[in-house]
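Coordinates in review
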Amino acid sequence: MLLEAQEGDETVVFTATAASVQIQVEPVGRWFEAYLKRRSRNASASFQELEEEQESSEESEDEEFQLEENPMLRTLDPKDWKNQDHYSVLGLPHLRYKATQKQIKAAHKSIVLKHHPDKRKAAGEQIVEGDNDYFTCITKAMETLSDPVKRRAFDSVDPTFDNSVPSKNEGRDNFWDVYSPVFERNARWSSKKHVPKLGTMESSFEDVDNFYSFWYNFDSWREFSYLDEEEKEKAECRDERRWIEKQNRAARAQRKKEEMNRLRTLVDTAYSCDPRIKKFKEDEKARKESEKKAKVEAKKKEQEAKEQARQAELEAARLAKEKEDEEAKQVAQLAKKEKEIQKKAFKKERQKLRITCKNWNYFADNEGESVKMMEEVEKLCDRLELTSLQSLNEVLALGSKDDCKMAVDKQVKEVNAQLQKEKEAEVQMRQSARSAEQASGAGGAGGKSWSEEDLQLLIKAVNLFPAGTNARWEVIANYMNLHSTSGIKRTAKDVINKAKNLQRLDPVQKDDINRKAFEKFKKEHACVAPTIDNAVPSERFDDGNAASWTTEEQKLLEQSLKTYPVSTPERWEKIAAAVPGRSKKDCMKRYKELVEMVKAKKAAQEVAGKSKK
């Protein structure tokens with residue numbers, strides 16, 4: 001701290017300060033060690049001071065503790081030492097698991113000085129020889145409590161510990177008084193040193209959540225090796241030792257599982273009875289309801305805004321469309337006016353041309369030439385543009401008769417030449433189309449001509465042998481070679497190409513070919529000689545113009561043939577009755593046609609099979 005300046009004193013700078021220099025210092029010492037401990041344990045400096053005070057108080061307690069000697073010590077059975085309370089034997093029942101090693105050693109020393117066999121023998125007391133003396137219990141208690149592993153095993157099964165869990169009815173009315181001591185009692189089993197408290201009704205949500213998260217993930221060090229029924233050290237061989245260890249391990253796991261279920265039941269029961277949880281759930285529900293309500297309001301406002309925007313867009317679109325329609329209407333009106341003006345101008349110029357030519361008697365000397373020139377003038381009126389008509393009319397208005405005739409003849413020649421070119425182009429286009437069609441037909445047939453009879457036979461064969469037939473196109477080719485009258489042998493490739501060309505034909509041409517095929521079919525079957533069916537008396541079929549069979553009628557006929565076999569009396573009368581609209585003759589005729597088709601199909605397939613082999 002600077003001294004106060006006196007009157008008359010002056011401040012004088014003797015030298016300038018040196019520039020600051022950064023150096024590295026390695027942290028060491030007990031204060032840094034204390035800092036590292038606090039940071040690793042996430043504790044404050046005040047907490048460490050409390051801990052140090054607690055350690056110092058424990059040391060002072062070590063010096064000041066008092067023994068509470070067990071009055072039943074002399075009656076203990078040394079053979080049953082495992083079931084005894086070791087803390088009570090050493091006179092530490094009031095400290096138990098809180099007793100330090102110093103206290104245990106001091107207690108043991110005090111008990112030994114009083115109950116050692118040599119001391120009692122010197123006092124004239126009768127001593128039991130061997131390990132049957134109760135002093136063995138004191139030795140076993142010291143062996144157990146002085147070893148950290150054995151002591152932890154004994155503490156895990158502390159006979160004075162209360163393992164009970166309060167029921168929901170007990171904790172519903174007085175939650176804090178019932179559950180606070182239970183959690184404090186079970187906190188001794190935690191592997192972590194600092195266990196959160198149950199808290200109060202005013203505890204925050206974070207504190208309550210941390211408390212239940214800690215207990216739901218509770219890490220217990222409690223283990224039950226002390227209760228092992230067999231000791232593996234007593235085993236006579238390695239196999240027996242392994243078997244004992246296996247049995248003990250299974251028993252420990254079962255007890256550990258029961259312990260964790262007990263703690264889980266405790267936490268679940270406390271959670272269900274905790275009034276803070278109910279309060280938090282109600283608050284959360286109210287918050288969600290308010291958020292939901294706010295979302296609904298926001299969504300409603302958003303929908304209203306969208307609806308307003310949509311209405312504005314629709315209104316803008318309507319106005320734009322009205323404007324566009326108005327502009328289009330105006331443009332259409334202008335175009336209509338221009339068209340009418342142009343039409344009137346055309347009409348005027350044509351009328352002017354006709355009148356001018358008429359006044360000059362169409363530049364002819366006789367009636368025939370006049371009529372011919374009149375036709376040419378009409379042709380000019382139809383073919384010439386407006387500008388050409390106007391130019392021609394100007395020439396005719398100013399020139400002489402010869403000049404007018406020359407101008408008209410010139411225009412007539414140009415128009416006739418243009419018409420001639422158009423006709424030639426059209427004829428050439430038709431010829432090229434016809435030649436292309438002929439070339440495609442000839443190429444698809446492999447260079448062989450196809451008559452109408454062959455086309456009809458091909459269509460019949462394609463329908464007779466549908467897709468999926470084995471070696472279909474070879475069968476169709478053999479069928480055509482058997483039944484064609486042209487004598488041209490067709491291959492499978494020729495048949496495929498021609499079928500593809502027929503598929504590319506117009507529907508009109510297809511219908512025309514089918515119609516011709518049907519007419520030929522009717523014509524052939526009108527002249528068929530009468531046939532005989534062995535199953536029925538012979539019938540003569542004179543009706544050559546019978547209507548074609550529909551798919552439904554065909555199905556009814558096939559079903560009737562299956563229903564009424566050959567041995568059925570009056571078979572064909574019953575079949576005709578089952579097919580509405582068909583007589584006995586129609587059914588018999590259709591049956592013969594089906595038989596012929598099946599025979600032809602089988603013959604074509606046999607020929608195709610032989611040629612393939």
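So, how was this worked out
- For every chain, the first residue of its written sequence is number 1, and the numbers climb from 1 along that sequence.
- Local features in a predicted model are, by the rule used here, given only for residues with pLDDT of at least 70; side-chain atom pairs are given and counted only at 80 or more, and totals for whole chains, interfaces and linings are based on all residues.
- Calculation of side-chain values draws on the structure's entire complement of heavy atoms; hydrogens and water are dropped beforehand.
- Helical segments are the DSSP runs of H or I of at least four residues, strand segments are the runs of E of at least two, and each set is numbered from the N terminus.
- For every residue, the accessible area obtained with a 1.4 Å probe (protein chains only) is divided by the maximum for its type, and the residue is called buried under 20%, exposed over 50%, and partly exposed between those limits.
- Residue contacts are defined here by distance: any two heavy atoms, one from each residue, within 4.5 Å place the two residues in contact.
- Here the accessible surface of atoms and residues is derived via Shrake-Rupley with a 1.4 Å probe, and residues count as covered only by protein chains that are part of the display.
- Simply put, an axis is a line fit to the C-alpha atoms, just over the touching stretch for a helix, and the angle between two N-to-C directions goes from 0 to 180 degrees.
- Throughout, a crossing is termed right-handed when the near helix is turned clockwise from the far one, and left-handed when it is turned anticlockwise from it by less than a right angle.
- Candidate patch residues must exceed 30% relative accessible area and have no salt bridge, after which like charges are joined if within 9 Å and Val, Leu, Ile, Met, Phe, Trp or Tyr side chains if within 5 Å.
- The working definition used for a salt bridge is a side-chain nitrogen of Lys or Arg within 4 Å of a carboxyl oxygen of Asp or Glu.
- His residues and chain termini do not enter the charge count, which takes Lys and Arg as positive and Asp and Glu as negative.
- For charged residues, the charge sits on one atom: NZ in Lys, CZ in Arg, CG in Asp, CD in Glu.
- As a per-residue quantity, pLDDT reports the predictor's confidence and falls between 0 and 100.
- Working rule for helices: expected span equals 1.5 Å times residues minus one.
- Each aromatic pair joins two rings of Phe, Tyr and Trp (for Trp, the six-membered one) with centres within 6.5 Å, and gets the label stacked for planes under 30 degrees apart, edge-to-face for over 60, and tilted for any other angle.
- Joining through side-chain atoms within 4.5 Å is the link that ties buried Ala, Val, Leu, Ile, Met, Phe, Trp, Tyr and Cys residues into a set, and such a set is a nonpolar core.
- Each angle receives one of four descriptions, namely roughly parallel if under 35 degrees, roughly antiparallel if over 145, roughly perpendicular if within 65 to 115, and oblique otherwise.
- Each residue gets one of three labels, nonpolar for Ala, Val, Leu, Ile, Met, Phe, Trp, Tyr, Cys and Pro, charged for Asp, Glu, Lys and Arg, and polar for the others, Gly among them.

A short note on the overall build of the chain
Helix and strand counts for the chain stand at 22 helices and zero strands. For the chain, the proportion of its 613 residues judged to be buried stands at 28%. Here the contacts in the chain between residues at least 6 apart in sequence split such that 67% fall between residues at least 24 apart. Accessible surface, the chain: about 43,700 Å² in total, of which carbon and sulfur atoms supply 52%.

Considering the packing of helix α12 (residues 275-359) against helix α14 (residues 386-398)
Closest axis-to-axis distance for the α12/α14 pair is 10 Å, and the angle between their directions is 35 degrees. Here α12 and α14 pass one another in a crossing that is left-handed. Contact residues: α12 offers Gln-342, Ala-345, Phe-346, Glu-349, Arg-350, Lys-352, Leu-353 and Thr-356, while α14 offers Leu-386, Leu-389, Gln-390, Leu-392, Asn-393 and Leu-396.

Thoughts on a negative patch on the surface
Together, Glu-229, Glu-230, Glu-231, Glu-233, Glu-236 and Glu-240 make up a region of like negative charge exposed at the surface. Structurally, Glu-230 can be placed in the loop between α10 (205-216) and α11 (238-273). A relative accessible area of 42% places Glu-230 in the partly exposed class.

As for the confidence of the model for the chain
When pLDDT is averaged along the chain, the result is 81, and 85% of the positions lie at 70 or above. The secondary-structure element of the chain with the lowest mean pLDDT is helix α2 (residues 45-64), recorded at 54, while α10 shows the highest, at 92. Under a pLDDT of 50 for its full length, residues 527-545 has, in the predicted model, 25 contacts with residues more than four places off or in other chains.

A closer look at helix α9 (residues 175-186)
Between the first and last C-alpha of α9 there are 17 Å, a value that for 12 residues agrees with the 16 Å anticipated at 1.5 Å per step. Regarding α9, the residues found buried are Phe-175, Val-178, Tyr-179, Ser-180, Val-182, Phe-183 and Asn-186. Residues of α9 that are buried in the fold lie against α8 (168-173), α10, α11 and α12.

Here we look at the pattern of salt bridges
Taken as a whole and judged by the stated rule, the model has 30 salt bridges. Between Asp-283 and Lys-279 there is a salt bridge, with its nearest N and O atoms 3.3 Å apart. Of this pair, Asp-283 and Lys-279 both sit in helix α12, four residues apart, which is roughly one turn of the helix. Residue Lys-279 is classed as partly exposed on the basis of its relative accessible area, which comes to 40%. Taken together, the salt bridges that share partners define one network made up of Arg-74, Arg-120, Glu-125 and Asp-133.

Remarks on a positive patch on the surface
On the surface, a cluster of positive charge is contributed by Lys-232, Arg-238, Arg-241 and Arg-242. If you trace the backbone, Arg-238 turns up in helix α11. You can call Arg-238 exposed: its relative accessible area is 54%.

Remarks on the environment of Glu-376
In this structure, Glu-376 sits in helix α13 (residues 367-383). Owing to a relative accessible area of 15%, Glu-376 belongs among the buried residues under this scheme. Sequence-wise, Glu-376 and Asp-409 are 33 residues apart; in three dimensions their C-alpha atoms are separated by 9.0 Å. Sequence-distant contacts of Glu-376, that is, excluding residues within four places in its chain, are made with Val-412 and Asn-416.

With respect to the packing of aromatic side chains
Within the structure shown, the criterion is met by 20 aromatic pairs. Between Phe-183 and Phe-211 the ring centres are 5.0 Å apart and the planes differ by 75 degrees, which places this aromatic pair in the edge-to-face class. Note that Phe-183 is positioned in helix α9 and Phe-211 in helix α10, a separation of 28 residues in sequence. In this structure Phe-183 comes out as buried when scored by relative accessible area, which is 4%. For Phe-211, a relative accessible area of 1% translates into the label buried.

Brief notes about the nonpolar core
Judged by nonpolar contacts, the single largest core of 24 residues is most densely connected at Phe-175, Tyr-179, Phe-183, Tyr-212 and Trp-215. Setting aside residues up to four positions removed in sequence, Trp-215 forms contacts with Phe-183, Asn-186, Ala-187, Val-195, Pro-196 and Val-267. Membership of the second largest hydrophobic core comes to 22 residues, among which are Tyr-87, Leu-95, Ile-104 and Leu-145.

Comments concerning the packing of helix α16 (residues 452-464) against helix α17 (residues 472-483)
The interhelical angle for the contact between α16 and α17, taken along N-to-C directions, is 140 degrees, at an axis separation of 10 Å. One finds that α16 runs oblique with respect to α17. Classified by chirality, the crossing of α17 by α16 is right-handed. Where α16 approaches α17, its residues Asp-454, Leu-457, Leu-458, Lys-460, Ala-461, Val-462 and Leu-464 are matched on the opposing element by Arg-472, Trp-473, Ile-476, Tyr-479, Met-480 and His-483. In terms of residue class, the contact of α16 with α17 is made up of nine nonpolar, one polar and three charged.

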